[in-house]
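Tertiary structure, described
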Amino acid sequence: MKFNTQTIHGGQLPEPTTGAVMTPIFQTSTYAQTNLLEPQEYQYSRGKNPTRTALENSLASLENGSNGFAFASGLAAIDCILRLLKPGDEIIAGDDLYGGTYRMFTKLFEKYGLIFTYVAMSNTKNITAAITKNTKLVWIETPTNPLMKIADIKAISTAVKTINSNILIAVDNTFATPYLQQPLNLGADIVMHSATKYLGGHSDLVMGALVVKNKKLAKEIHFIQFAAGAIAGPMDSFLAIRGIKTLHVRMQRHCENANAIASFLAQHKKVSTVYYPGFKNSESYTIAKKQMNDFGGMVSFQLKENTKEKAFLFLENTSLFTLAESLGGVESLASHPVTMTHSAIPQKERDKLGITDGLIRLSVGIEDIEDLLQDISKALELV
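Within every chain, residues take consecutive numbers counted from 1 along the sequence as written. Given that this is a predicted model, residues contribute local features only at a pLDDT of at least 70 and side-chain atom pairs are listed and counted only at 80 or more, while totals for whole chains, interfaces and linings are drawn from all residues. Side-chain numbers come from the whole structure's heavy atoms, not from hydrogens or water.

What to know about unusual backbone geometry
Cis rather than trans, the peptide bond between Thr-142 and Pro-143 has omega equal to -5°. Segments assigned H or I by DSSP are reported as helices when at least four residues long, segments assigned E as strands when at least two residues long, and all are numbered from the N terminus. With respect to the element layout, Pro-143 can be found in the loop between strand E4 (135–141) and helix H6 (153–163). Asn-145 connects to Pro-146 through a cis peptide bond whose omega is 15°. In this model, Ser-203 sits at a positive phi of 55°, which is unusual for a non-glycine residue. Assignment of secondary structure puts Ser-203 in the loop between strand E6 (190–194) and strand E7 (208–212). A positive phi angle, close to 75°, is found at Ser-326, a residue other than glycine. One can find Ser-326 in the loop between strand E10 (322–323) and strand E11 (333–335).

Put into structure tokens, the structure is as follows:
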């Protein structure tokens, strides 16, 4: 099946008992067993639930993997990956990470003995130079949050596996979604999503997801998920299935609108820099063009007057762009990374990366583009 068909039919079958086309919400914790010596497929919903299974089959189909796993949140999914490791293991991660990921790495898992090295992943040599005998995982976020940097998944995977084939490559694919890129096809071992965002698409659930190809790795992840218990519930699984069925049409509009807004901002006299991988003069453009089908629905920009006061003034005067955490919903959202999504990152590190007081991140929704442009223009006039 082509991708647009996969979003609707991939891994999906009518419910066998009733023939329901849409998977029902199996709001149950336990299942009657008929034979003590031969347990049924479903026994207890921490291990498996039919609604969650339908979602996980859909996720595996979209990412061209063998197994999908739905978690209570994106961070719960990342937590599961890190539980594959042991004290003394080293992880190489990008230097431009989602603040919640950075907080988990530094505040939780460092004290459990994992060692993290942060490098600029736009250059594959930075990664290979950081590899040691203890390196067990490379954590890639592409496009990055909030500076939209692009890492070459295939080049990184090839280079790392050439040095040590046992090093796991994990990719946070939240911003791109499988509509734009499929990391497993590019050599990655694990794909992670905050399904709260584009996969759900309607700002009505919190969920994480992992997809893998390797069956042995899938068994390890299933055991950790079952033992630790950070599962997605049946209602949220139902909402995610519903969201995925329109992923392709939503992403088309997200991408179209983001491109128009990025182009508008790039010409505006009150904007100094626009972070968007779709510009041909962007250092990320060549890689993005090679590994992505389009450039996504996220745009960040820097105000010329680089102050919190000016950023706040803009954010307080939009009406269609709602000031809010999160991203990827049908409605447009605007956020201030320094005080919101990336407040957990020390100021010294933020400044070094370019996450400054005047930086604003937009999650461009699927409203009419003329209305969105008017909203931004009005707010910028007041800055």
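So, next bit.
Side note on the pattern of salt bridges
A carboxyl oxygen of Asp or Glu within 4 Å of a side-chain nitrogen of Lys or Arg is what we treat as a salt bridge. Tallied over the full model, the rule gives 13 salt bridges. A salt bridge links Lys-161 to Asp-189; its shortest N-O distance comes to 2.8 Å. Note that Lys-161 is positioned in helix H6 and Asp-189 in the loop between helix H7 (177–180) and E6, a separation of 28 residues in sequence. Residue burial is assigned from relative accessible area. The probe radius is 1.4 Å, only protein chains are included, and a residue is buried under 20% of its type maximum, exposed over 50%, and partly exposed in between. On the basis of relative accessible area, Lys-161 is assigned to the partly exposed category, the value being 22%. One salt bridge connects Asp-375 with Lys-378, and the closest N-O pair in it is separated by 3.7 Å. Within this pair, Asp-375 and its partner Lys-378 are both found in helix H14 (residues 369–381), separated by 3 residues, close to a single helical turn. What emerges from the salt-bridge pattern is a single network uniting Lys-86, Asp-89 and Lys-136.

Considerations on the sheet that holds E4
Whether two strands pair depends on DSSP finding at least two bridges between them. Taking strand neighbours across the sheet as the criterion, the 7 strands line up as E1-E7-E6-E5-E4-E2-E3 in an open arrangement whose pairing is mixed. The open sheet is flanked by strand E1 (67–71) and strand E3 (115–119), the only strands paired with a single partner. Pairwise comparison of adjacent strand axes, ignoring direction, gives a mean angle of 20° for this sheet. Two strands pair when backbone bridges link them, and E1 and E7 are joined in this way by 5 bridges, in the antiparallel orientation. Counted as the bridge partner of Phe-71 is Gly-208 from E7. In this description, contact between two residues means that some pair of their heavy atoms is separated by no more than 4.5 Å. Geometry is summarised by axes, namely lines fitted to C-alpha atoms with helices restricted to the contacting stretch, and by angles between N-to-C directions that run from 0 to 180 degrees. Sitting on the sheet, helix H2 (residues 50–62) is in contact with E1 and E7, with an inclination near 125° to E1. This element, H6, spans E4 and strand E5 (168–172) of the sheet and lies at about 160° to E5.

A look at the environment of Tyr-275
Here Tyr-275 is to be found in strand E8 (residues 271–275). Between the C-alpha atoms of Tyr-275 and Leu-359, which are 84 residues apart in sequence, the distance is 9.8 Å.

Side note on the pairing of strand E9 (residues 298–303)
Counted residue by residue, E9 has 6 buried out of 6 residues, so it is predominantly covered. Two strands pair when backbone bridges link them, and E8 and E9 are joined in this way by 4 bridges, in the antiparallel orientation. Residue pairing in the sheet places Val-274 in a bridge with Phe-301 of E9. In terms of strand pairing, E9 meets strand E12 (residues 359–363) through 5 bridges, oriented antiparallel. Bridge pairing in E12 places Phe-301 opposite Ile-360.

Things to note about the side chain of Asn-49
Locating Asn-49 in the fold gives a position in the loop between helix H1 (3–9) and H2. Owing to a relative accessible area of 1%, Asn-49 belongs among the buried residues under this scheme. A 3.5 Å cut-off defines polar contacts: any pair of N or O atoms within that distance qualifies, except that in protein one atom must be a possible hydrogen donor and the other a possible acceptor, and neighbouring residues in sequence count only when both atoms are side-chain atoms. There is a polar contact of 3.2 Å between the side chain of Asn-49 and the side chain of Ser-45. Contact partners of Asn-49, with chain neighbours within four places excluded, come to Phe-26, Thr-28, Tyr-31, Tyr-42 and Pro-234.

Looking at the sheet that holds E8
Taken in spatial order, the 5 strands of this open sheet run E8-E9-E12-E11-E10, and their pairing is mixed. Of all strands in the sheet, those bounded by a partner on one side alone are E8 and E10. Against the sheet, helix H12 (residues 308–316) engages E9, E10, E11 and E12, with an angle of about 25° to E12.

Some remarks on the layout of surface pockets
Taken as a whole, the largest pocket holds about 430 Å³ of empty space. Lining the largest pocket are 25 residues, with Tyr-98, Ser-194, Thr-196, Lys-197 and Ser-326 positioned closest to its centre. Put simply, the parts of the chain that give the lining of the largest pocket at least two residues each are helix H3 (74–82) and E6. Among the elements that line the lining of the largest pocket, the one with the most residues is H3, at 3 residues. Residues were grouped as follows: Ala, Val, Leu, Ile, Met, Phe, Trp, Tyr, Cys and Pro as nonpolar; Asp, Glu, Lys and Arg as charged; and all remaining residues, including Gly, as polar. Counted by class, the lining of the largest pocket contains 9 nonpolar, 10 polar and 6 charged residues. Roughly 350 Å³ of volume is contained in the second largest pocket. Cavity means a closed set of points on a 1 Å grid over the protein atoms alone, one where a 1.4 Å probe fits but cannot get out, pocket means an open set with protein on both sides within 12 Å along at least 5 of 7 lines, and lining means a residue has an atom within 4 Å of a point. Lining the second largest pocket we find 16 residues, and of these Asn-166, Leu-168, Lys-216, Leu-217 and Glu-220 sit closest to its centre. Grid points are joined across faces, edges and corners, and a volume is the space filled by probe spheres set on the points.

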